[in-house]
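Structure at a glance
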Amino acid sequence: MSIATWSFPTTIVFGNGSLAKLPDHVRRVQGTRALLVCDPGVVKAGIAERVKRVLEAANVAVAVFDKVSPNPVEENVFEGATAYRQHEANVIVSVGGGAPLDAGKLIALRTTHERPLHEYDDAIGGDAHITSNVPPILTVPTTAGTGSEVGRSGVVTLKATGRKTVIFSPYLLAKAAILDPELTVSMPARITAATGFDALTHCIEAYLSLGDHPMADGIALAGIELCAKHLATAVANGADLEARGGMMKAAMMGAVAFQKGLGACHSLAHPLSSEKDMHHGLANALCLPAVMDFNNVAVPDRVERVRRVVDQNATSLSNALRALREKIGLPSGLGAEGVTKADIAKLADKAMEDACHRSNPRPCTRDDMVKLYETSL
Ligand SMILES: [Zn+2]
């Protein structure tokens, strides 16, 4: 029997108005001067100012760094680290969707780690260079999808290679994640639908992935149940705080569960973002049904269990997912988003290079990737 490691370390504070608890956790990590990392959207929504006020009322000095790109790049990390030093900060508070939360981790890393960023690339064992002296990070998500608030990796596009590079270390974990559903009510319906489908995909792929992780499995199933119950409502009525809260929990649980692994759907989705600029959650939504039919051969019992959680009455899991996708207003295929047959060869090459499919319950060849894209058109 192989030996597994199971770890669930992040303190999570959940509830409407839980933003008010942020200063307690800043104090807990001895923070007195915070760099608030976000993007222009978070500023525009008034959320950066709200977080700043809460911290300043508790005598925490705040500087705002709002220059994070939608897909974080190296300069964001360097400029953020400079802002941290100029403010003489001792804690990072990241506020926003996946991009600011990822960037916040890498800015924290940069303040104490001087090597060129590519040397920390997880794909070449760069985590070995990451030591515990990373300043404390607190996360305040304003979307419900990536789960980056409880994740231990940050993704950054490096100048030299132009590639999305994953930097991973337990030292990049937030000391606390503040999940306040009130901060997600302004998210538009389409973003709610796409990010919510990302959360659902994380839970489903984690549950089906290879590996022995009963705790991740339980969390993944509970996350799927929350998505089935709340996603459509959160899309239809953005002000429904119960549905918003359910999706925030599901997103966080998906990211906790996928430490077990993801699968072929994420390998198909990543090139759709890098090559076709497609939203990550939407890319997952468009590929997931085909991947479920593909995986059904390898793990029929698990696929059946997920079907029952998503929709008792559906004839198959893939049909249940197609129906949910339609209900929340997402398109029914990659073709609707401008992907053509001519794109598939290159996409399939890139999907094979992606590491996620290595934990898919059924091994994938390049031919399989081609067929999965074709079926998803
Ligand atoms: Zn994802």
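Refer to the structure presented above.
Just so it is clear, the model here is predicted, and its values are computed rather than measured.

Criteria and cut-off values
Residues numbered from 1 in each chain as written. Predicted model: local features only at pLDDT ≥ 70, side-chain atom pairs only at ≥ 80, totals over all residues. Heavy atoms only, no water. Buried < 20%, exposed > 50% of the residue type's maximum accessible area, 1.4 Å probe, protein only. Helix = DSSP H or I, 4+ residues; strand = E, 2+ residues; numbered from the N terminus. Arc of directions from axis to C-beta. Axes fitted to C-alpha atoms, helices over the stretch in contact; angles between N-to-C directions. Parallel < 35°, antiparallel > 145°, perpendicular 65-115°, else oblique. Left-handed = near helix turned anticlockwise from the far one by under 90°. Contact = heavy atoms within 4.5 Å. Nonpolar A, V, L, I, M, F, W, Y, C, P; charged D, E, K, R; others polar. Pairing = 2+ DSSP bridges.

Here we come to helix 12 (residues 317-327). Because an α-helix completes one turn every 3.6 residues, residues spaced three or four positions apart along the sequence face the same direction. The set of residues buried in helix 12 consists of Leu317, Ser318, Ala320, Leu321, Leu324 and Arg325. Down the axis of helix 12, the buried set is contained in an arc of 160°. They therefore lie on one face. Facing away from the buried side of helix 12, by more than 90 degrees, are the exposed residues Glu326 and Lys327. Looking one or two places after helix 12, you find Gly329, whose phi comes out positive at around 80°.

Two elements in contact, helix 6 (residues 189-208) and helix 11 (residues 300-310), have axes separated by 10 Å at closest approach and are oriented at 150°. It follows that helix 6 is roughly antiparallel to helix 11 by the angle criterion. The crossing of helix 6 and helix 11 is right-handed. Residue-level inspection shows Ile204, Tyr207 and Leu208 of helix 6 in contact with helix 11, the latter providing Arg302, Val303, Arg305 and Val306. The residue makeup of the contact of helix 6 with helix 11, split by class, is 5 nonpolar, no polar and 2 charged.

On to the sheet that holds strand 5 (residues 137-141), then. Spatially, the 6 strands line up as an open sheet ordered 1-8-5-4-2-3, and their pairing is parallel. Looking at the sheet topology across the chains shown, the edges are occupied by strand 1 (11-14) and strand 3 (61-65). Between one strand and the next, the sheet's axes are offset by a mean angle of 20°, whatever the strand orientation. Along the sheet, helix 4 (residues 74-86) makes contact with strand 2 (33-37), strand 3 and strand 4 (91-96), crossing strand 3 at roughly 160°. Against the sheet, helix 5 (residues 98-112) contacts strand 2, strand 3, strand 4 and strand 5, and its axis sits at roughly 165° relative to strand 4.

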